[in-house]
Amino acid sequence: MSIRHGLLALLERGQMYGYQLRAAFEESTGSTWPLNIGQVYTTLARLERDGLVRSLPESEAGQRPYEITDAGRADLTLWFATPVSRTDRPRDELSIKLALALTTPGVDVRSVVQTQRAATMRTLQELTRLKYASDQPEELPWRLVLDAMVFQAEAEVRWLDHCETSLVRYRPTVSGRPPVAADGSAEAVVPADEEARR
């Protein structure tokens, strides 16, 4: 999630100060991504530096509101019109962890997979409970966020099932030589797409 563009989208609704922006962000996402107030003010400072927002005079209560500029609106419009690329997203720590577990001596990879599956299933159950706790129309924004998280968790469980199946067939190579079958003969490597058709 781009906090920068999230704040611009909120300021498009009207002037807000830092704590209002944090509350509105968390309300819009159902508090699924809690936002640190320090992040809000750091991001506002960068947005102001880049000419995308401007700060207004402090209120009597000492709160400084911000408003979006025309340049900020143009940047926000471009963000909404641009698809999110897979390369723009953070690295997938789980896939990297499993890849390293396979090549690190002494690591029980099956245990790593099973531990992750149990944790992901607990998360999936909690997300599903939250999703069905209420279905008020005004809660649609955060329900869509929850739906995305549910689908991601379901996909992760399917991928972990695939990993476990792959581990059953896995035979590590030795010094770059092809995998060896249990009888000592060279094992044929079956392409993934062909394996899926079997």
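In case you missed it, the structure is sitting above this.
Quantities reported herein were computed from a predicted structural model and do not represent experimental measurements.

**Q** How should I be thinking about the overall build of the protein in this particular structure?
**A** If you tally the helices and strands in the protein, you get eight helices and two strands. Counting helices and strands in the order they occur from the N terminus, the protein gives α-α-α-β-β-α-α-α-α-α. Considering the protein as a whole, with its 198 residues, one finds that 25% of them fall into the buried category. At a minimum sequence separation of 6, the contacts of the protein that also span at least 24 residues come to 49%. A total of about 13,500 Å² of accessible surface is found on the protein, and carbon and sulfur atoms cover 54% of it.

**Q** In this structure, what is going on with the nonpolar core? I would like to understand it.
**A** The tendency in soluble globular proteins is for nonpolar side chains to be buried as a group. Judged by nonpolar contacts, the single largest core of 18 residues is most densely connected at Leu7, Leu8, Leu10, Leu11, Leu21, Val40 and Leu44. For this core, the elements supplying multiple residues, two or more each, are helix H1 (3–11), helix H2 (18–28), helix H3 (37–49) and strand E2 (66–68). Filtering out sequence-adjacent residues up to four positions away, Leu7 remains in contact with Leu21, Leu35, Val40, Thr43, Leu44 and Leu47. Counting eight residues, the second largest nonpolar core, distinct from the first, contains Leu94, Ala101, Val113 and Leu167.

**Q** Even after reading the chapter, I still don't get the packing of aromatic side chains, so can you show me in this structure?
**A** Here a ring pair, both rings aromatic, is described through the centre-centre distance and the interplanar angle of the planes. With the rule as written, the count across this model stands at two aromatic pairs. With a centroid separation of 6.4 Å and 65° between ring planes, the pair formed by Tyr19 and Tyr41 is classed as edge-to-face. Linking Tyr19 in helix H2 with Tyr41 in helix H3, this pair joins segments that are 22 residues apart in sequence. For Tyr41, a relative accessible area of 35% corresponds to the partly exposed category. Each ring, one from Trp79 and one from Phe80, has its centre 5.0 Å from the other, and the planes form 50°; the classification is tilted.

**Q** Explanation requested: the environment of Ala118 in the structure shown.
**A** Relative to the assigned elements, Ala118 resides in helix H6 (residues 109–133). By relative accessible area, which is 34% here, Ala118 ends up partly exposed. C-alpha of Ala118 to C-alpha of Val157: the two residues are 39 residues apart in sequence and 9.1 Å apart in space.

**Q** Explanation requested: the packing of H2 against H3 in the structure shown.
**A** For any two helices packed against each other, the geometry is given by the interaxial angle and the distance between the axes. In contact at an axis separation of 9 Å, H2 and H3 are set at 115° when each is read in the N-to-C sense. Pair H2 / H3 crosses with right-handed handedness. Note on element contacts: H3 touches H2 through Ile37, Val40, Tyr41 and Leu44, opposite Gly18, Tyr19, Leu21 and Arg22.

**Q** Could you clarify how one ought to interpret the packing of H1 against helix H4 (residues 70–81) in this entry?
**A** Across the interface, H1 lies against H4 with an axial gap of 10 Å and an inter-helix angle of 115°. Between H1 and H4 the crossing geometry is left-handed. On the side of H1, the interface is formed by Arg4, His5, Leu8 and Ala9, while H4 contributes Gly72, Asp75, Leu76, Trp79 and Phe80. Among the residues making up the contact of H1 with H4, the classes are represented as five nonpolar, two polar and two charged.

**Q** Hey, could you run me through the side chain of Thr43 in this one?
**A** If you trace the backbone, Thr43 turns up in helix H3. On the basis of relative accessible area, Thr43 is assigned to the buried category, the value being 10%. Among the polar contacts made by the side chain of Thr43, one reaches the main-chain carbonyl oxygen of Gln39 at a distance of 2.7 Å.

**Q** It is not clear to me how the side chain of Arg117 should be interpreted in this structure. Could you clarify?
**A** Locating Arg117 in the fold gives a position in helix H6. Taking the relative accessible area as the measure of exposure, Arg117 reaches 17% and is therefore buried.

**Q** I tried to follow H1 on my own but got confused; where do I start?
**A** In an α-helix, one turn spans 3.6 residues, which is why side chains three or four residues apart end up on the same side. When H1 is considered as a whole, its buried residues turn out to be His5, Gly6, Leu7, Leu8, Leu10 and Leu11. Buried residues along H1 sit in contact with H2, H3, strand E1 (53–55), E2 and H4.

Each value, and the rule that gives it
Residues numbered from 1 in each chain as written. Predicted model: local features only at pLDDT ≥ 70, side-chain atom pairs only at ≥ 80, totals over all residues. Heavy atoms only, no water. Helix = DSSP H or I, 4+ residues; strand = E, 2+ residues; numbered from the N terminus. Buried < 20%, exposed > 50% of the residue type's maximum accessible area, 1.4 Å probe, protein only. Contact = heavy atoms within 4.5 Å. Areas by Shrake-Rupley, 256 points an atom, 1.4 Å probe, with all protein chains shown as cover. Core = buried A, V, L, I, M, F, W, Y, C linked by side-chain atoms within 4.5 Å. Phe/Tyr/Trp six-rings, centres within 6.5 Å; stacked < 30°, edge-to-face > 60°. Axes fitted to C-alpha atoms, helices over the stretch in contact; angles between N-to-C directions. Left-handed = near helix turned anticlockwise from the far one by under 90°. Nonpolar A, V, L, I, M, F, W, Y, C, P; charged D, E, K, R; others polar. Polar contact = N/O pair within 3.5 Å; in protein donor to acceptor, adjacent residues only side chain to side chain.

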